[in-house]
Amino acid sequence: MRHLERLGNSFSITLPTDKEEYTGRQCPKGECKGYFKITLGTGLPDATDCYCPYCGYTAEQSEFHTPKQIKYAKSIVARQITDAIYKDFKRHEFNIKPAGDFGIGISLEVKRDRPIRIQRYREKELETQIICENCSLRYAVYGVFAYCPDCGRHNSRQVLVKNLELISKTIDLAAEVEQELAARLIENALEDCVSSFDGFARELIRVATLSSPIEQQGASLHFQNLGSSRRQLMRLF
């Protein structure tokens, strides 16, 4: 059994990445199961734990492999083992031809239908690609707001700052165009500013009330009107 022995007792399998070098991950927490992607080699160099960007659940990196990745790895292991067994048995083939008038020939031939099929897969496309401003991990998520899978820092402030920077550029542009277009740009900038702050504040409330008795009440809050929002926050907390 030379080929089988050479395989040893463990396997090292490299998971394929997508065209942008992202590797898929999935939260193991039953009520979440959120799918996201990370770029290996970025972020914290010695990170052993992973944070779910959606619910914040923390566990070892190995717990965040996706079901398709596990099927892929198992199929590679099964393929290597069965290939090794086939080659080992193939070495013992023989063909003894009959000798004399009443000789009986004996032969052994090893065959198989086909090698085990590798369960290949493709990573999903996600809406938002993020570079963590704290640890530089490149990751991708559904939606916009997320925890960094490496360092656990939430990106809500990072998203707000980028939105405000774009709004500021819109206002600067308004000073360089004709009055009618400038008025439209300023109007859009105001709407974007309110929307950005509302999204930022709602995400802070979502994180603060996650898995708590007031989670549903927190999800109903809006922040377009600061006076009303303040009264709701005082009642909630």
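So, how was this worked out
Note that residues are indexed from 1 along each chain, following the sequence as it is written. Local features in this predicted model are restricted to residues whose pLDDT is 70 or higher, and side-chain atom pairs enter the listing and the counts only when it is 80 or higher, whereas totals over whole chains, interfaces and linings include all residues. With hydrogens and water excluded, all non-hydrogen atoms of the structure serve as input to the side-chain values. Strands are runs of DSSP state E lasting at least two residues, helices are runs of H or I lasting at least four, and both sets are numbered from the N terminus onward. Contacts are assigned to residue pairs with any non-hydrogen atoms lying within 4.5 Å of each other. Salt bridges, as used here, are contacts in which a Lys or Arg side-chain nitrogen is within 4 Å of a carboxyl oxygen on Asp or Glu. Each residue is placed in one exposure class: buried if its accessible area under a 1.4 Å probe, protein chains only, is under 20% of its type's maximum, exposed if it is over 50%, and partly exposed if it falls in between. Following DSSP output, two strands are said to pair if at least two bridges run between them. Orientation is described by lines fitted to C-alpha atoms, with helices fitted over the stretch in contact, and by angles between N-to-C directions that extend from 0 to 180 degrees. Here the expected length of a helix is defined as 1.5 Å per residue gap, with one fewer gap than residues.

Trainee: Even after reading the chapter, I still don't get the overall build of the protein chain, so can you show me in this structure?
Mentor: Each helix and strand in the protein chain was counted, giving six helices and eight strands. Listing the helices and strands of the protein chain from first to last along the sequence gives α-β-β-β-β-α-β-β-β-β-α-α-α-α. With respect to the principal axes defined by its C-alpha atoms, the protein chain has extents near 110 × 50 × 30 Å. Across the protein chain, every contact between residues at least 6 apart in sequence was considered, and the portion connecting residues at least 24 apart equals 54%.

Trainee: Sorry if this is basic, but what is going on with the pattern of salt bridges here?
Mentor: Enumeration over the complete set of coordinates arrives at six salt bridges. Between lysine 29 and glutamate 31 there is a salt bridge, with its nearest N and O atoms 3.9 Å apart. Among the residues examined, glutamate 31 registers a relative accessible area of 66% and is labelled exposed.

Trainee: Got a minute to help me understand the pairing of strand 8 (residues 138-141) in this structure?
Mentor: One face of the sheet, then the other: side chains in a regular strand alternate in exactly this way. In the sheet, strand 2 (residues 35-38) pairs with strand 8 via two bridges, with the strands oriented antiparallel. Bridge pairing links lysine 37 to alanine 140 in strand 8. Pairing of strand 7 (residues 128-131) with strand 8, which is carried by four bridges, proceeds in the antiparallel orientation. Looking at the pairing, isoleucine 130 lines up with tyrosine 139 of strand 8.

Trainee: Help me out: how do you make sense of the sheet that holds strand 8 in this one?
Mentor: Hydrogen bonds along the backbone pair up the strands of a sheet, which may run parallel or antiparallel. The strand order across the open sheet formed by four strands is 1-2-8-7, and the pairing between neighbours is antiparallel. Looking along the sheet, the strands with just one partner apiece sit at the ends: strand 1 (23-26) and strand 7. Neighbour-to-neighbour, the strand axes of the sheet open up by a mean angle of 30°, direction not taken into account.

Trainee: It is not clear to me how helix 4 (residues 179-209) should be interpreted in this structure. Could you clarify?
Mentor: The α-helix advances 3.6 residues per turn, and as a result positions three or four apart in sequence lie on the same side. Compared with the 45 Å implied by 1.5 Å per residue over 31 residues, the 45 Å span of helix 4 between its first and last C-alpha is a close match. The complete set of buried residues in helix 4 reads Ala182, Leu185, Ala189, Ser196, Asp198, Phe200, Ala201, Glu203, Ile205 and Thr209. Those residues of helix 4 that are buried lie in contact with helix 3 (156-174), helix 5 (215-219) and helix 6 (226-236). Looking at the residues trailing helix 4, positive phi occurs at serine 211, about 60°.

Trainee: Looking at this structure, I do not really get the environment of valine 207. What am I missing?
Mentor: Relative to the helices and strands, valine 207 is located in helix 4. Taking the C-alpha atoms as reference points, valine 207 and leucine 7, 200 residues apart in sequence, are found 47 Å from one another. Excluding residues that lie within four positions of it along the chain, valine 207 makes contacts with Tyr147 and His154.

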